[in-house]
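Observations on the three-dimensional arrangement
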Amino acid sequence: MFDSSPQLKTYMDALMMYQKSGQLSDPRMVELKIKEAILLLLQANPELKDVLFDFNEPGKIDIEAFMSKNYHFNVNLDRFAYLTGRSLATFKRDFEKIFGKTPGKWLLQKRLQEAHYLLAEKGRMASDIYMDLGFEDLSHFSFAFKKQYGLSPSKIGGF
């Protein structure tokens with residue numbers, strides 16, 4: 001997986017000796033050997049710093065990737081916040097930094113864009129897609145679609 005160095009090989013041989021002699025039963029020795037291993041790995045392969053040291057906030061996942069994959073689920077914002085490891089306030093703040101708009105506006109726009117694509121390009125019917133895109137009922141979907149595109153979904157696809 002990575003380039004080996006003579007120092008790393010010597011370290012591994014010495015580590016095996018410590019293991020066989022029982023000296024790794026002392027937690028202080030284990031801690032010291034772990035630090036030594038990290039230093040040797042970084043010297044041999046500096047690019048490992050990105051693997052060994054992840055400075056992202058713990059528990060938080062990438063909102064952009066998560067939302068792009070899950071926007072079509074009819075989930076309230078509290079649940080989206082929880083699923084991304086954030087409080088609702090933090091979720092909204094982080095979301096607006098990334099997308100430049102509120103989660104509600106972004107979700108509606110994204111769902112309507114997908115609806116337009118499915119109606120216009122795939123020939124799907126509004127009655128078949130509205131629930132799959134996170135809308136609770138067909139009338140709400142039709143109203144939002146017409147407001148966004150100036151045409152009812154039946155003018156693009158069909159009911």
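Attention in this report is confined to the structure presented alongside it. Here the structure is a predicted model, which is why all the values come from computation and not from measurement. (Residues numbered from 1 in each chain as written. Predicted model: local features only at pLDDT ≥ 70, side-chain atom pairs only at ≥ 80, totals over all residues. Heavy atoms only, no water.)

1. What to know about the overall build of the protein chain
Put simply, the rule is: In this description a helix means any DSSP run of H or I spanning at least four residues, a strand means any run of E spanning at least two, and both kinds are numbered starting from the N terminus. We compute the radius of gyration over the C-alpha atoms and compare it with the globule rule, which gives 2.2 Å times the number of residues raised to the power 0.38. Contact between two residues is taken to exist if any of their heavy atoms lie within 4.5 Å; hydrogens are not considered. Per-residue and other accessible areas follow the Shrake-Rupley method at a 1.4 Å probe size, with only the shown protein chains counted as cover for residues. Under this rule, positive means Lys or Arg and negative means Asp or Glu; His and the chain ends count for nothing. To locate a charge, take atom NZ for lysine, CZ for arginine, CG for aspartate or CD for glutamate.
A tally of regular secondary structure across the protein chain gives 10 helices and zero strands. Rg of the C-alpha trace for the protein chain: 26 Å, well past the compact-globule value of 15 Å for 159 residues, more than 25% over. Over its C-alpha atoms, taken along the principal directions, the protein chain stretches across nearly 80 × 35 × 25 Å. The long-range share in the protein chain, meaning contacts at least 24 apart out of those at least 6 apart in sequence, stands at 49%. Entry remark: accessible area of the protein chain is about 10,800 Å², with carbon and sulfur atoms responsible for 56%. Of note, the protein chain has its 22 positive side-chain charges centred 5 Å away from the centre of its 20 negative side-chain charges.

2. Regarding the environment of Met131
Put simply, the rule reads: The classification of residues rests on relative accessible area computed with a 1.4 Å probe and restricted to protein chains. Under 20% of the type maximum is buried, over 50% is exposed, and intermediate values are partly exposed.
Along the chain, Met131 falls in the loop between helix H8 (126-129) and helix H9 (138-149). Relative accessible area serves as the criterion here: at 57%, Met131 is assigned to the exposed category. When the C-alpha positions of Met131 and Phe73 are compared, they lie 8.8 Å apart, and in sequence the two are 58 residues distant.

3. Section: the nonpolar core
The criterion, for reference: To form a nonpolar core, buried Ala, Val, Leu, Ile, Met, Phe, Trp, Tyr and Cys residues must be joined to one another through side-chain atoms within 4.5 Å.
Within the largest apolar cluster, 12 residues are counted, these being Leu112, Ala115, Leu118, Leu119, Ala126, Ile129, Tyr130, Leu133, Phe135, Phe141, Ala144 and Phe145. Here this core gets four residues from one element, more than from any other, and that element is helix H7 (residues 103-120). Discounting residues that sit within four places of it in the chain, Leu112 has contacts with Phe135, Phe141, Ala144, Phe145, Gln148 and Tyr149. Core analysis: the second largest hydrophobic core is formed by 11 residues, Met67, Tyr71, Phe80 and Phe95 among them.

4. Some remarks on H9
Keep this limit in mind: Expected helix span is given by 1.5 Å per residue-to-residue step, counting one fewer step than there are residues.
A rise of 1.5 Å per residue sets the reference length of H9, with its 12 residues, at 16 Å; its end C-alpha atoms lie 16 Å apart and thus fit the reference within 8%. All of the buried residues along H9 are Phe141, Ser142, Ala144 and Phe145. On its buried side, H9 packs onto H7, H8 and helix H10 (153-156). Where H9 ends, the next residue or the one after it, Gly150, has phi of about 80°, a positive value.

5. Topic: the packing of helix H4 (residues 63-70) against helix H6 (residues 88-99)
Put simply, the test is: Axis lines are fitted through C-alpha atoms, for helices just across the contact stretch, and the angle between N-to-C directions can take any value from 0 to 180 degrees. Here the word oblique covers every angle except those under 35 degrees (roughly parallel), over 145 (roughly antiparallel) and from 65 to 115 (roughly perpendicular).
Close contact between H4 and H6 brings their axes to 10 Å; oriented N to C, the two are set at 90°. As judged from the angle between their axes, H4 and H6 are roughly perpendicular. Where H4 abuts H6, its residues Ile63, Glu64 and Met67 lie against Phe91, Asp94, Phe95, Ile98 and Phe99.

6. Brief notes about the pattern of salt bridges
Pairing is possible between side chains of opposite charge, provided their charged atoms come close. Rules: Any Lys or Arg side-chain nitrogen found within 4 Å of a carboxyl oxygen on Asp or Glu counts as a salt bridge.
Within this structure, the stated rule accounts for six salt bridges. Across the pair Arg28 and Asp26 runs a salt bridge whose closest N-O atoms are separated by 3.0 Å. Look at Arg28 and you get exposed, because its relative accessible area is 65%. Residue Asp26 is classed as partly exposed on the basis of its relative accessible area of 27%. With its nearest N and O atoms 3.7 Å apart, the salt bridge here joins Lys60 to Asp94. Note that Lys60 is positioned in the loop between helix H3 (49-52) and H4 and Asp94 in helix H6, a separation of 34 residues in sequence. Note on Lys60: relative accessible area 24%, which makes it partly exposed. Judged by its relative accessible area of 14%, Asp94 falls in the buried class.

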